[in-house]
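Structural overview for review
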Amino acid sequence: MPRDATHDLLTQDVFAQIASLAKSESGLQLGDEKRMMVQSRLKKRLRETNMESFQSYGAFVQSEAGSAERRMMISALTTNVSHFFREEHHFDVLTRELAEVFERKIAQRERIRIWSAGCSKGQEPYSIAMHLLGAFPALKDADFRVLATDIDPQVLAVAKAAHYAAHDVRSIPEALCRKFMRASDDGSHFEVVSEIRRFITFNELNLLQSWPMKHGFDAIFCRNVVIYFDLETQEALWPRFLKALGPDGILFLGHSERIAVPEAFGMRTIGQTTYRALASTHRQ
């Protein structure tokens, strides 16, 4: 019996259910204009779960039995586009604004912590570590760590593997690439060397849920993540990021993301999509 073509269509009602679930689970904002995109991205999930229609899939992901599939659904709906040294000006700000902090902490053997929130396939945290170790070689013997988190376990697996195609590494400065990337015999792939990998910890984390790690980050990179959240969700995150930062800490957002009135959240702008706590801000 031929398959009913309507089974392959995501109706407005089922789309609304999935969009509501995506928002409650991950903060993902899916307007009506995204319905065809959602339909396209979830077709594979229907095949993988042997669901006959979007209607049955929608019912499944909302059920208790569908809890694992909800994670897979969010993974399918999340855009994971990144590259090494994306928005390179942020790396320049990082070393310029925090040079004295890093040098003092290295000398006094204090902890140095950077958080890559929404690390995707790992290019961002690896870029951070390469850049900082290139600028401050003494970090290799310091209490230095980069925490890299993402909601998507599939992209985290790619990040942990630390293997990238040759075209992916072209944006890495040549000197850093020679020092911190190892080419395959045929030159088609590159691997991040262990000297960099040992400083990075990858963990699965939903930004809308509790954050188990300690506060006091010297910098937080949360770039091209909150653009998918509505304003209410964004404004609930700013105080949490502020609290997670150390006294001199800096928050970096993506090029299309802004804190409209940073002073209202205890922060000030120090550069393009770059924020630091006001001197008078009190942290608990």
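Residues numbered from 1 in each chain as written. Predicted model: local features only at pLDDT ≥ 70, side-chain atom pairs only at ≥ 80, totals over all residues. Heavy atoms only, no water.

Moving on: the confidence of the model for the protein. Taken residue by residue, the protein gives an average pLDDT of 91. The fraction at 70 or more is 95%. Of the regions scoring below 50 in pLDDT, residues 1–6 engages in four contacts with residues more than four places distant in sequence or in other chains. (pLDDT = per-residue confidence, 0-100. Contact = heavy atoms within 4.5 Å.)

Packed helix pairs are characterised by how far apart their axes lie and by the angle those axes make with each other. The geometry of helix H3 (residues 54–61) relative to helix H4 (residues 67–77) is characterised by a closest axis approach of 8 Å and an angle of 115° between their N-to-C directions. Within the contact between the two elements, H3 uses Tyr-57, Phe-60 and Val-61 and H4 uses Glu-69, Arg-70 and Met-73. Here the residues of the contact of H3 with H4 are counted per class, giving four nonpolar, no polar and two charged. (Axes fitted to C-alpha atoms, helices over the stretch in contact; angles between N-to-C directions. Helix = DSSP H or I, 4+ residues; strand = E, 2+ residues; numbered from the N terminus. Nonpolar A, V, L, I, M, F, W, Y, C, P; charged D, E, K, R; others polar.)

Any two side chains of opposite charge can pair, so long as their charged atoms come close to each other. Within this structure, the stated rule accounts for 13 salt bridges. Its salt-bridge partner being Lys-23, residue Asp-230 comes within 3.1 Å of it at the nearest N-O pair. Within this pair, whereas Asp-230 is found in the loop between strand E7 (217–222) and helix H10 (231–244), its partner Lys-23 is found in helix H1 (residues 12–26), the two being separated by 207 residues in sequence. For Arg-223, the salt bridge identified is with Glu-124, shortest N-O distance 2.8 Å. Taken as a pair, Arg-223 in the loop between E7 and H10 and Glu-124 in helix H6 (residues 123–135) lie far apart in primary sequence, 99 residues in all. Overlapping salt bridges, with partners in common, bring together Arg-96, Glu-97 and Arg-276 in one network. (Salt bridge = Lys/Arg side-chain N within 4 Å of Asp/Glu carboxyl O.)

A separate point is the environment of Ile-74. Following the sequence through the fold, Ile-74 ends up in helix H4. Relative accessible area serves as the criterion here: at 5%, Ile-74 is assigned to the buried category. For the pair Ile-74 and Ile-18, spaced 56 residues apart in sequence, the C-alpha separation works out to 9.9 Å. (Buried < 20%, exposed > 50% of the residue type's maximum accessible area, 1.4 Å probe, protein only.)

A word on the packing of H1 against H4. Where H1 meets H4, the axes come as close as 11 Å, and the angle between the chain directions of the two elements is 95°. Put simply, H1 runs roughly perpendicular to H4. For the pair H1 and H4, the contacting residues are Ile-18, Leu-21, Ala-22, Glu-25 and Ser-26 in the first and Arg-70, Met-73, Ile-74 and Leu-77 in the second. Across the contact of H1 with H4, the residue classes break down as six nonpolar, one polar and two charged. (Parallel < 35°, antiparallel > 145°, perpendicular 65-115°, else oblique.)

A few words on the sheet that holds strand E3 (residues 163–165). The strand order E3-E5-E4 describes an open sheet built from three strands, whose pairing is antiparallel. The open sheet has two free edges, formed respectively by E3 and strand E4 (181–183), since each of these has just one partner strand. Direction aside, the axes of adjacent strands within the sheet are offset by 30° on average. One ladder, built from three bridges, connects E4 with strand E5 (residues 189–192); its direction is antiparallel. (Pairing = 2+ DSSP bridges.)

Below, the discussion takes up the environment of Cys-119. Of note, Cys-119 is situated in the loop between strand E1 (112–117) and H6. Classification of Cys-119 as buried rests on a relative accessible area of 1%. Counting along the chain gives 58 residues from Cys-119 to Cys-177, while the straight-line C-alpha distance between them is 20 Å. When near neighbours in sequence (up to four residues on either side) are disregarded, Cys-119 contacts Pro-125, Ala-148, Thr-149, Asp-150, Leu-156 and Phe-202.

The end-to-end C-alpha distance of H10 is 20 Å, a good match for the 20 Å that 14 residues give at a rise of 1.5 Å each. Looking only at H10, the buried set comprises Thr-233, Gln-234, Leu-237, Trp-238, Phe-241, Leu-242 and Ala-244. One side of H10 holds all its buried residues, which, seen down the axis, span an arc of 165°. The inward-facing, buried residues of H10 abut H1, E1, E7, strand E8 (245–253), strand E9 (267–271) and strand E10 (274–277). (Expected span 1.5 Å × (residues − 1). Arc of directions from axis to C-beta.)

Quick look at the packing of aromatic side chains now. According to the stated counting rule, one finds 12 aromatic pairs in the structure shown. With a centroid separation of 5.1 Å and 45° between ring planes, the pair formed by Phe-85 and Phe-91 is classed as tilted. Look at Tyr-126 and Tyr-164: their rings are 6.3 Å apart centre to centre, the planes differ by 80°, and that puts the pair in the edge-to-face class. With Tyr-126 in helix H6 and Tyr-164 in strand E3, this residue pair connects regions lying 38 residues apart in the sequence. Both residues of the pair, Tyr-126 and Tyr-164, count as buried. What links up through ring pairs into an aromatic cluster is the set Phe-84, Tyr-126, Tyr-164 and Phe-202. The ring of Trp-211 has Arg-240 sitting right over it, with the charged end atom 4.1 Å from the ring centre. (Phe/Tyr/Trp six-rings, centres within 6.5 Å; stacked < 30°, edge-to-face > 60°. Lys NZ or Arg CZ within 6 Å of the ring centre and 35° of its normal.)

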